[in-house]
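Take a look at the letters that make up each chain.
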Amino acid sequence: MRVPAPSAPIDTAALPPAMPYRPRPRGLLEHMSWIDVAMLFAWVMSTTMPFGWAAPLRYLAAAYFAGSMIIFARQTLPATWRAWPTFIIPVLCVVSALWAPSSSEAIRKGLLFALTAMVAIYAASRLTGRQILIVFLFGETIAAMLTILQPNIVNGAWTGIFGQKNFLAVHMFIMFTCAMAVGLDKSTNGWMRLYGLAMVPVAMLVILMAKSATTTLLLIGAGAALVGHALFWNAASRIRHMRTLLALVMIVFMVSVILILFGLMQFDAEGSLLEALGKDSTLTGRTYLWATAERVMADHPLTGVGADGFWRANLGAANSITEYFHYERFTKFSFHNSYLENGVAFGYPGYWATVFLACWALWRTGMNWVRNQTIINAAFLVMAIMIIVRSNAEIDLALEFAGTAVLLFIGAVRKEKLVKAPIVYQPNLMPPPHAAQRATP
């Protein structure tokens, strides 16, 4: 083995004196990152509370997020590129200004849709998933407390501050999911976990008092999924291939139930579901609205009627719908379906663009969970499924500044680094990494 010759000694006195290391001070904006959390809370409050004072706060928060996207472009530009499907509807709004009844309203609607996407992009870029869930949890808790103080009972069901039981139920479902995730997340502060677990029964109580059968079913499914994820799915990661076995068992179980119900018992799913939900065959008039929307789409297949081009007081078809639902004067209504709502406005391109947007959001949120299977990502996936299901009966994906749409986009735009399990060296199976260096002559 060749031994290198010793080098000449270094005269340290001839070297210049070492400069003291001074770390670069943090910028003012980095010290003020708490403003992001505060402004997101303001946004949640303004999109949750149906009060007149909330509108200026909503626009202030949207302007803050839009401006901050430029300041923190290094973080927000990659997220903006990932979120390009969220800008399809805004572009269609602006383009439809060429034939819409009001060009200014169409352009304004497109800008508001773009601001809605920017809020989601900025929050997903600058805040952690845990921070986002905690902010939504605090905002929905205030709505729950106000509802308990003033339930506003209509036909035996609570409507709270929202005026409709379905709106109350969906907000309480978001509160329930956030509370479950925060309470079951082992990385969250202990006091915050206790707060989350304490809010779970509150959300359940308000949902039950709202008597929304659809949300109640979603509540049961979401609760079972999150508890199963925390107790069984995370524990299965300690045993090799156990998660694969659990997934196969669940698939086999579901296929067996479907074959027994629909193959052997000839189960009438539609009739039984409507009876369980307390709905008639028209889904409280929704089928009439959907048939009307399909006719309008067929009359304007490529262009639609333009943004905000249908629900207008001077349009006979819109007045016929309000008369059908026994309104004494014209009231701006909706088709109670996000895809048909955009289809009427932008034709079949708008319909399929909304379908693509929903599929993209669900796929991205699901892949985030696959890459990093935490309870936080599971909560975003549960809420994404709920919002997609709800979009078939409400216009969440066709409404600017919709809080549920922002939550859906946040879950899709978020990107976390893949968490890899540490490599444990066992002396009986493999040598430590420095052993090979010592053995090399």
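Conventions used here
- Residues numbered from 1 in each chain as written.
- Predicted model: local features only at pLDDT ≥ 70, side-chain atom pairs only at ≥ 80, totals over all residues.
- Heavy atoms only, no water.
- Phe/Tyr/Trp six-rings, centres within 6.5 Å; stacked < 30°, edge-to-face > 60°.
- Helix = DSSP H or I, 4+ residues; strand = E, 2+ residues; numbered from the N terminus.
- Buried < 20%, exposed > 50% of the residue type's maximum accessible area, 1.4 Å probe, protein only.
- Salt bridge = Lys/Arg side-chain N within 4 Å of Asp/Glu carboxyl O.
- Axes fitted to C-alpha atoms, helices over the stretch in contact; angles between N-to-C directions.
- Parallel < 35°, antiparallel > 145°, perpendicular 65-115°, else oblique.
- Contact = heavy atoms within 4.5 Å.
- Patch = residues over 30% accessible without salt bridge, like charges linked within 9 Å, V, L, I, M, F, W, Y side chains within 5 Å.
- Areas by Shrake-Rupley, 256 points an atom, 1.4 Å probe, with all protein chains shown as cover.

Novice: Is there a simple way to explain the packing of aromatic side chains in this structure?
Specialist: Centre-to-centre distance and the angle between the planes together describe a pair of aromatic rings. Under the definition given, this model contains 16 aromatic pairs. Ring centres 4.8 Å apart and planes at 50° place the aromatic pair Trp 311 and Phe 335 in the tilted group. Highlighted residues: Trp 311 in the loop between α13 (286-299) and α14 (316-324) and Phe 335 in the loop between α14 and α15 (338-371), separated in sequence by 24 residues. Phe 335 matches Trp 311 in its accessibility class, with the two residues each being buried.

Novice: Sorry if this is basic, but what is going on with the pattern of salt bridges here?
Specialist: Oppositely charged side chains can form a pair if their charged atoms are brought close together. This structure, assessed with the given rule, holds eight salt bridges. A salt bridge links Lys 109 to Glu 400, with the shortest nitrogen-to-oxygen separation between them at 2.9 Å. Here Glu 400 lies in the loop between α16 (375-390) and α17 (403-413) and Lys 109 lies in helix α6 (residues 103-126), a separation of 291 residues in the sequence. Residue Arg 286 pairs with Glu 394 through a salt bridge whose shortest N-O separation is 3.3 Å. Pair noted here: Arg 286 is in helix α13 and Glu 394 is in the loop between α16 and α17, with a separation of 108 residues, a long-range link. For the residue pair Arg 286 and Glu 394, the accessibility class agrees, reading buried in each case. The network of salt bridges with shared partners includes Lys 109, Asp 308, Lys 332 and Glu 400.

Novice: Looking at this structure, I do not really get unusual backbone geometry. What am I missing?
Specialist: In terms of backbone geometry, most residues other than glycine have negative phi values and most peptide bonds are trans. The backbone of Asn 155 shows a phi angle near 55°, a positive value even though the residue is not glycine. For Asn 155, the location among the structural elements is in the loop between β1 (153-154) and β2 (157-158). With relative accessibility at 81%, the residue Asn 155 sits in the exposed group.

Novice: I tried to follow the packing of helix α8 (residues 165-184) against helix α10 (residues 213-236) on my own but got confused; where do I start?
Specialist: Each packed pair of helices is defined by two parameters, the angle between the axes and the distance between the axes. Packing of α8 against α10 leaves a shortest axis separation of 11 Å and a crossing angle of 10°. Overall, the two elements α8 and α10 adopt an arrangement that is roughly parallel. Along the contact surface, α8 presents Ala 169, Phe 173, Phe 176, Thr 177, Met 180 and Leu 184, while α10 presents Thr 215, Leu 218, Leu 219, Ala 222, Gly 223, Leu 226, Val 227 and Ala 230.

Novice: Which parts of the structure should I look at to understand a nonpolar patch on the surface?
Specialist: There is a patch of nonpolar side chains on the surface, built from Phe 51, Trp 53, Ile 142, Leu 146 and Leu 149 and spanning about 490 Å² of accessible area. Positionally, Phe 51 belongs in the loop between α2 (34-48) and α3 (54-71).

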